[in-house]
Amino acid sequence: MMVSLMTNHHFNPMQLPYFFESNIPPEGNLFLGEGTSKHISQVLRMHEGQFVQLTNGKGELFTASINTPNKKGTEVKILSKILVPAPPRKISIAISPLKNTSRFEWFLEKVTELGVAEIIPLLCERTEKSFAKMERLQKIIISAIIQSRQCWIPELKPPVEMGAFVKQPVCESKYIAHCISPNKTNPLQLRISASSAVALIGPEGDFTESEVQRATENGFQEISLGATRLRTETAGIVAAVLLLNR
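Just so you know, these numbers come straight off a predicted model, no measurement behind them.

Participant: Provide a residue-level description of the overall build of the protein, including the pertinent values.
Facilitator: When you go through the protein residue by residue, the secondary structure sums to six helices and 13 strands. Within the protein, contacts between residues at least 6 apart in sequence are counted, and of these 74% link residues at least 24 apart.

Participant: Give me the environment of Val238: which residues, what numbers.
Facilitator: Relative to the assigned elements, Val238 resides in helix α6 (residues 232-244). Here Val238 falls in the partly exposed class, since its relative accessible area comes to 25%. Along the sequence, Val238 and Gly226 sit 12 residues apart, while their C-alpha atoms lie 9.3 Å from each other.

Participant: So, the packing of helix α2 (residues 101-114) against helix α3 (residues 134-147): which residues are in play, and what are the values?
Facilitator: Running from amino to carboxyl end, α2 crosses α3 at an angle of 35°, the nearest separation of the two axes being 8 Å. Here the hand of the crossing between α2 and α3 comes out right-handed. Judged by residue contacts, Phe104, Glu105, Leu108, Glu109, Thr112 and Glu113 of α2 engage Arg136, Leu137, Ile140, Ile141, Ala144, Ile145 and Gln147 from α3. Its residues assigned to classes, the contact of α2 with α3 comprises seven nonpolar, two polar and four charged.

Participant: So what's going on with helix α1 (residues 34-43)? Which residues, and what values?
Facilitator: When we look at burial in α1, the residues that qualify are Thr36, Ser37, Ile40 and Ser41. Axial view of α1: buried residues confined to an arc of 115°, hence all on one face. Residues Gly35 and Val43 are exposed on α1 and point more than 90 degrees away from its buried face. In the core, the buried residues of α1 are packed alongside β2 (18-20), β4 (51-55) and β5 (60-68). Following α1 by one or two positions, Arg45 adopts a phi angle in the positive range, close to 50°.

Participant: Requested: an account of the layout of surface pockets, with residues and values cited.
Facilitator: In this model, the largest pocket occupies a volume close to 330 Å³. If you go around the largest pocket, you meet 21 residues; those closest to its centre are His178, Cys179, Arg229, Leu230 and Ala235. Each residue belonging to the lining of the largest pocket can be placed in one class, and the counts come to nine nonpolar, six polar and six charged.

Participant: Account for the side chain of Thr208, naming residues and giving values.
Facilitator: Following the sequence through the fold, Thr208 ends up in the loop between β12 (196-201) and α5 (209-217). On the basis of relative accessibility, which here comes to 10%, the residue Thr208 falls in the buried class. In this structure the side chain of Thr208 is engaged in a polar contact, spanning 3.3 Å, whose partner is the side chain of Glu125. Sequence-distant contacts of Thr208, defined by excluding residues within four places in its chain, comprise Glu125, Arg126 and Ile180.

Participant: Describe unusual backbone geometry, and please don't skip the residues or the numbers.
Facilitator: Phi angles above zero are rare outside glycine, and Arg45 is one such case at about 50°. For Asp206, which is not a glycine, the phi torsion comes out positive at approximately 70°. Tracing the chain through its elements places Asp206 in the loop between β12 and α5.

Participant: Can you explain the pairing of β12? Please cite residues and give values.
Facilitator: Within β12, six of the six residues are buried, which leaves it mostly tucked inside the rest of the structure. The two faces of β12 match: Ser196, Val198 and Leu200 on one face and Ala197, Ala199 and Ile201 on the other face are all buried. Across five bridges, the pairing between strand β11 (residues 173-177) and β12 is parallel. Its bridge partner lying in β12, Lys174 is registered against Val198.

Definitions and cut-offs
- Residues numbered from 1 in each chain as written.
- Predicted model: local features only at pLDDT ≥ 70, side-chain atom pairs only at ≥ 80, totals over all residues.
- Heavy atoms only, no water.
- Helix = DSSP H or I, 4+ residues; strand = E, 2+ residues; numbered from the N terminus.
- Contact = heavy atoms within 4.5 Å.
- Buried < 20%, exposed > 50% of the residue type's maximum accessible area, 1.4 Å probe, protein only.
- Axes fitted to C-alpha atoms, helices over the stretch in contact; angles between N-to-C directions.
- Left-handed = near helix turned anticlockwise from the far one by under 90°.
- Nonpolar A, V, L, I, M, F, W, Y, C, P; charged D, E, K, R; others polar.
- Arc of directions from axis to C-beta.
- 1 Å grid on protein atoms, 1.4 Å probe; cavity = no way out; pocket = protein on both sides within 12 Å on 5 of 7 lines; lining within 4 Å.
- Points joined across faces, edges and corners; volume = space filled by probe spheres on them.
- Polar contact = N/O pair within 3.5 Å; in protein donor to acceptor, adjacent residues only side chain to side chain.
- Pairing = 2+ DSSP bridges.

See the structure below:
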């Protein structure tokens, strides 16, 4: 579906600079945030009459023309709006925070680029670091949807204890990846017909046996992510790729 306000403008939308703004009106003028404005005026050195694309992360893609470039507040005029459908399947990754914050941030960036719908910090028995800096992590997610030109921003949930999380009716298909027992399903054999799926990824010391048991008692299927032992952030990305492509 497209609501168009443009007249005789010729350009390739995929070549336009792409930005995120949380609140975008369906038409009229808009002052962009300072970070976006500074990038437009000082980094890209854009001028009046040039075009940009904007998303609010809620499935709406806007094309706008620059009225007044200014590093503190660039004014643009909304020309069109496209409604982009949500992905057909909601994929969630519930993963233990890492002692090395930069590795968790890298994971967050990559699964956002891949198109997961939800990330849940999972507090496990062997989790070494409490979860913090939600504002910084949200900025990383926003940067990743800009980089990958997506219109749906994944939701970063507040940290939750694993014991409480596995009891919630979070998704139709539920999986736990671990290295404890050999009797696990190869995810390449999975055929997910459900509209939503979640994978649990443990901390650097893996889940405990009692945590795995608690998960399976609540309907989680045990899966393997391959023959090698993966770092937590690598396992999270592998799980995301596998669930997105089943």
